[in-house]
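Each chain, written out:
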Amino acid sequence: MPSIDLSGKVAVVTGSGRGLGLAYAHALAAHGASVVVNDVDEAVAEAAVKSLGEAGGKAVAEVVPVGTSEAAERLVNRAVEEFGRLDVLVTNAGILRDKVLWKMTDEDFDAVITTHLKGTFTCARAAAVRMREQGEGGSLILVGSPAGQRGNFGQTNYAAAKAGIAAMARTWSMELGRANITVNAIVPVAATAMTETIPAFAPYVAAMKSGKPLPDFLRKGEGFGTPEDCAALVPFLASEAARGITGQAIGIGGDKVALWSHPQEIKAAYADGGWTPDTLADAFPTSVGAELQTVGIPAPKFPEA
């Protein structure tokens, strides 16, 4: 494999003041890219920029909530004004408003869709316009989630947004291929402020914070690790080493990297002249319905005490 060198490249990472986004920003900067850090909290954004500078990277902050076209333009323009170009976009910004369907309000739904789904769309559109004008290709790295691949209880808005992001990655990979712009969705799993609230993970995350390594059954079996473990995928996908990879959903976490399948037909049945409700009722259980697909993120498998 060629050495990953992003010298001269410029990246925008939305939602990069802390957590996974900050890890992505550090990984890009460590491989030579200049980074526009984005957060809604100015103090958090400036602290992130400072940490990148102390690590030898180049970074500036743009404080704006993603979602609108105006915010997307500000981010792209900041990259061009400060560093002269834009080569990489990582759409990481997100919020949660978890509730079951019958308790979720319009505001809960709209807020998550605006930040995750529309924010990804507006930022990717602005970045694609700039990258096509430059004529030198680029990389759009869209941040998905296992919830978008499998569904998750209490996350109607979040799961819908993340499923849409994976679909946009596939669509945009076709639309932007001639411009040499790759588009991929990443599906990270890491110990973050969100996952440490899950009771099963909490003691392991607490131990990790005290300096103890996560056990192998988590790092390998569950693909669960630190934000920094997930970050390695971002500079790789932004590099020339991944120029032939596009339209994919790639999971990473702990010691594990995995390729998610695209939705596809897995079994079919046929009836001469077409189907009726009665013939479907007769045939479905022993044909296409013989092995229905599961839903939800599988529960972690912990070793017996």
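Scroll up to find the structure this text is about.
Numbers given to residues run from 1 along each chain, matching the order in which its sequence is written. Where totals are concerned, whole chains, interfaces and linings use all residues; where local detail is concerned, this predicted model gives features only for residues with pLDDT of at least 70, and gives and counts side-chain atom pairs only at 80 or more. With hydrogens and water set aside, each side-chain value is computed from the structure's full complement of heavy atoms.

A separate point is the sheet that holds strand E7 (residues 249-253). Strand pairing is assigned whenever DSSP detects at least two bridges linking the two strands. For helices the rule is a DSSP run of H or I covering at least 4 residues; for strands it is a run of E covering at least 2, with both sets numbered from the N terminus onward. Overall, mixed pairing links the eight strands, which are arranged E3-E2-E1-E4-E5-E6-E7-E8 in an open sheet. With one partner strand each, in any of the chains shown, strand E3 (58-63) and strand E8 (256-260) form the two edges of the open sheet. In this sheet, neighbouring strand axes are inclined to one another by 20° on average, regardless of whether the strands run parallel or antiparallel. Pairing analysis gives four bridges linking strand E6 (residues 181-188) to E7, with the strands arranged parallel. Residue valine 187 lies in a different strand from E7, and its bridge partner there is glycine 251. To obtain each axis, a line is fitted to C-alpha atoms, and for helices this fit is confined to the stretch in contact; angles are then taken between N-to-C directions over 0 to 180 degrees.

Among the six residues of strand E2 (residues 34-39), six are classified as buried, and the element is accordingly described as predominantly covered. The alternating pattern of E2 places Ser34, Val36 and Asn38 and Val35, Val37 and Asp39 on opposite faces, both of which are buried. Of the crossover connections in this fold, the one passing from strand E1 (residues 10-13) over helix H1 (residues 19-30) to the parallel E2 is right-handed. Of the pairings in the sheet, the one linking E2 to E3 comprises six bridges and is parallel in character. Residue pairing in the sheet places asparagine 38 in a bridge with glutamate 62 of E3. Note on the crossover from E2 through helix H2 (residues 42-54) to E3: the handedness is right-handed. Under the scheme applied here, a residue whose accessible area is under 20% of the maximum for its type counts as buried, over 50% as exposed, and between as partly exposed, the area being computed with a 1.4 Å probe on protein chains only. The crossover handedness rule: strands pointing away from the viewer, path from first strand over the helix to second strand clockwise, crossover right-handed.

Oppositely charged side chains can form a pair if their charged atoms are brought close together. Basic side-chain nitrogens of Lys or Arg form a salt bridge, by our definition, when they fall within 4 Å of a carboxyl oxygen of Asp or Glu. Here the structure, examined in full by the defined rule, presents eleven salt bridges. Here aspartate 229 makes a salt bridge to arginine 219, at a shortest N to O gap of 2.8 Å. Of this pair, aspartate 229 sits in helix H9 (residues 227-231) while arginine 219 is found in helix H8 (residues 216-221), placing the two residues ten residues apart along the sequence. Each member of the pair, aspartate 229 together with arginine 219, is buried. Each member of the salt-bridge network shares a partner with another, and the members are Asp216, Arg219, Lys220, Asp229 and Asp255.

Turning next to the packing of helix H4 (residues 106-134) against helix H6 (residues 156-175). Across the interface, H4 lies against H6 with an axial gap of 8 Å and an inter-helix angle of 15°. It follows from the interaxial angle that H4 and H6 lie roughly parallel. You can see that H4 and H6 cross each other, and the crossing is right-handed. For the pair H4 and H6, contact is made by Asp108, Phe109, Val112, Ile113, His116, Leu117, Thr120, Phe121 and Ala124 and by Thr156, Asn157, Tyr158, Ala161, Lys162, Gly164, Ile165, Met168 and Trp172, respectively. Only Asp, Glu, Lys and Arg are considered charged, only Ala, Val, Leu, Ile, Met, Phe, Trp, Tyr, Cys and Pro nonpolar, and every remaining residue, Gly among them, polar. Partitioned by chemical class, the residues of the contact of H4 with H6 number eleven nonpolar, five polar and two charged. Small angles under 35 degrees read as roughly parallel and large ones over 145 as roughly antiparallel, with 65 to 115 read as roughly perpendicular and the rest as oblique. Crossing handedness: left-handed means the near helix sits turned counterclockwise from the far one by under a right angle, and right-handed means the same turn made clockwise. Contact criterion: two residues are considered in contact whenever any of their non-hydrogen atoms come within 4.5 Å of each other.

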